[in-house]
Amino acid sequence: MDGVTVITNPTVSVRVTSTANSFEALRRFNRAITIAEFKCKLELVVGIQASCMDLQLFSATDAFLQKLDDNEALMGSYPVDDNCRIHVIDKSGSQSGVFEDLSAVEKFELPDEVYDKRSESVRSFLKKNKAGRFNEEKAAQKEELQVQRDAEEKLLAEALAPGLRCEVQLMGQPTRRGTVMYVGNTEFKPGYWVGIKYDEPLGKHDGSVNGKQYFQCQPKYGAFVKPQYVTVGDFPEEDYGLNDEM
């Protein structure tokens, strides 16, 4: 066909990675700049001096294509397409990722007695305004409320015993039937907990949590719930007709 003109986008979006860090940046560049100019722009992206850069070109699927080693060549003269990856190698021998590992950074810690004397600290503000843990009245009310809840939970737990049939009604979930297998304190969370063996595989475990066995049941039949969600009574196993002939 006569008169056909191929128009190439003057800019290209590439992914930039480097040996200096583990980050990947997406940047748009003009195809008309030279590789030398391109390296200068990459200084602000990867933090490596242009004179210490070696550039490698990878495809959009991260397949190695070639090196960008001619500083006088235009970027557009290389097969750089959108979503290709430019990998910058630091020739200076600097340690890769040295600024990302904060474990080796010596941290300044202010002693509590010195921090307490500061008048413009967060702790000083909380003390002056009796906020957070410095609100003794609110903290006392919270502690009293927790004691009351613990007492109520204990009474509910004392009304339960292993072997009793029960129904479990959790908020937003259908009622489940099962057998009480455990009542008491646990190592995984404070307070009183009730171990249930469900009639169906609607649980989370086999009666063990974090390696400790509280009761025995088949996998996915066991669960722990708070006493307030358990009702004991004459709740026989429901017949779902799974053994009926069709």
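Up top you'll find the structure we're talking about.
In short, a report on the structure. (Residues numbered from 1 in each chain as written. Predicted model: local features only at pLDDT ≥ 70, side-chain atom pairs only at ≥ 80, totals over all residues. Heavy atoms only, no water.)

**Observations concerning the overall build of the chain**
The test is simple: Strands here are runs of E lasting at least two residues and helices are runs of H or I lasting at least four, both read from the DSSP assignment and numbered beginning at the N terminus. Classification of residues uses two cut-offs on accessible area relative to the type maximum, computed with a 1.4 Å probe and protein chains only: under 20% is buried, over 50% is exposed, and between them is partly exposed. Two residues form a contact once any of their heavy atoms are found within 4.5 Å. Only the protein chains shown count as cover for residues, with accessible areas throughout obtained via the Shrake-Rupley method and a probe of 1.4 Å.
If you tally the helices and strands in the chain, you get four helices and 12 strands. Burial status across the chain gives 31% buried among its 246 residues. Counted over contacts in the chain with a minimum sequence separation of 6, partners at least 24 positions apart contribute 51%. When the accessible area of the chain is evaluated, it comes to approximately 17,300 Å², of which 51% is carbon and sulfur surface.

**Overview of the sheet that holds strand β7 (residues 176-185)**
Using the following cut-off: At least two bridges found by DSSP between two strands are what make those strands a pair. Helix axes are fitted to C-alpha atoms over the stretch in contact, other axes to C-alpha atoms as well, and angles between N-to-C directions run from 0 to 180 degrees.
Taken in spatial order, the five strands make up an open sheet running β11-β8-β7-β6-β12, and their pairing is antiparallel. Strand pairing shows two members of the sheet lacking a second neighbour, β11 (222-225) and β12 (230-232), which therefore form its edges. Strand-to-strand twist in this sheet, taken as the mean axis angle between neighbours without regard to direction, amounts to 45 degrees. Sheet analysis places β7 next to strand β8 (residues 192-198), joined by seven bridges and oriented antiparallel. By the bridge assignment, G178 is partnered in β8 with Y198.

**Structural notes on the pattern of salt bridges**
To keep things clear, this is the line we draw: Salt bridges are defined by distance alone: a side-chain nitrogen of Lys or Arg within 4 Å of a carboxyl oxygen of Asp or Glu.
Counting across every chain of the model gives seven salt bridges. K226 is the partner of E153 in a salt bridge, and the nearest nitrogen-oxygen pair spans 3.2 Å. One end of the pair, E153, is in helix α4 (residues 136-158); the other, K226, is in the loop between β11 and β12, with 73 residues separating them in the sequence.

**Details of unusual backbone geometry**
Excluding glycine, residues mostly carry a negative phi; peptide bonds, for their part, are mostly trans. For D62, which is not glycine, the phi torsion reads 65 degrees and is therefore positive. Turning to its location among the elements, D62 is positioned in the loop between β3 (53-58) and β4 (64-67). Note on D62: relative accessible area 39%, which makes it partly exposed. In this model, K220 sits at a positive phi of 75 degrees, which is unusual for a non-glycine residue. In this fold, K220 is placed in the loop between β10 (212-213) and β11.

**Some thoughts on the side chain of H87**
Our working definition: Whenever a nitrogen or oxygen atom comes within 3.5 Å of another N or O atom, the pair is scored as a polar contact, on the condition that within protein one atom can donate a hydrogen and the other can accept it, and that pairs from neighbouring residues in sequence are kept only if both atoms are in side chains.
Along the chain, H87 falls in strand β5 (residues 84-90). In this structure the side chain of H87 is engaged in a polar contact, spanning 2.8 Å, whose partner is the side chain of T17.

**A few points about the pairing of β11**
The side-chain alternation of β11 yields two buried faces, one formed by G222 and F224 and the other by A223 and V225. Here β8 runs beside β11; their pairing, made up of four bridges, is antiparallel. Bridge assignment links V194 to a residue of β11, and that residue is V225.

**With respect to the environment of T231**
Within the fold, T231 resides in strand β12. Classification of T231 as partly exposed rests on a relative accessible area of 46%. For the pair T231 and C166, spaced 65 residues apart in sequence, the C-alpha separation works out to 5.4 Å.

**Focus on the pairing of strand β1 (residues 11-18)**
Along β1, seven of the eight residues are buried, which leaves the element largely enclosed by surrounding structure. Pairing analysis gives six bridges linking β1 to strand β2 (residues 25-30), with the strands arranged antiparallel. If you follow R15 over to β2, its bridge partner there is L26. Direction of pairing for β1 relative to β5: parallel, over a ladder of five bridges. Residue pairing across strands places R15 opposite R85, the latter belonging to β5.

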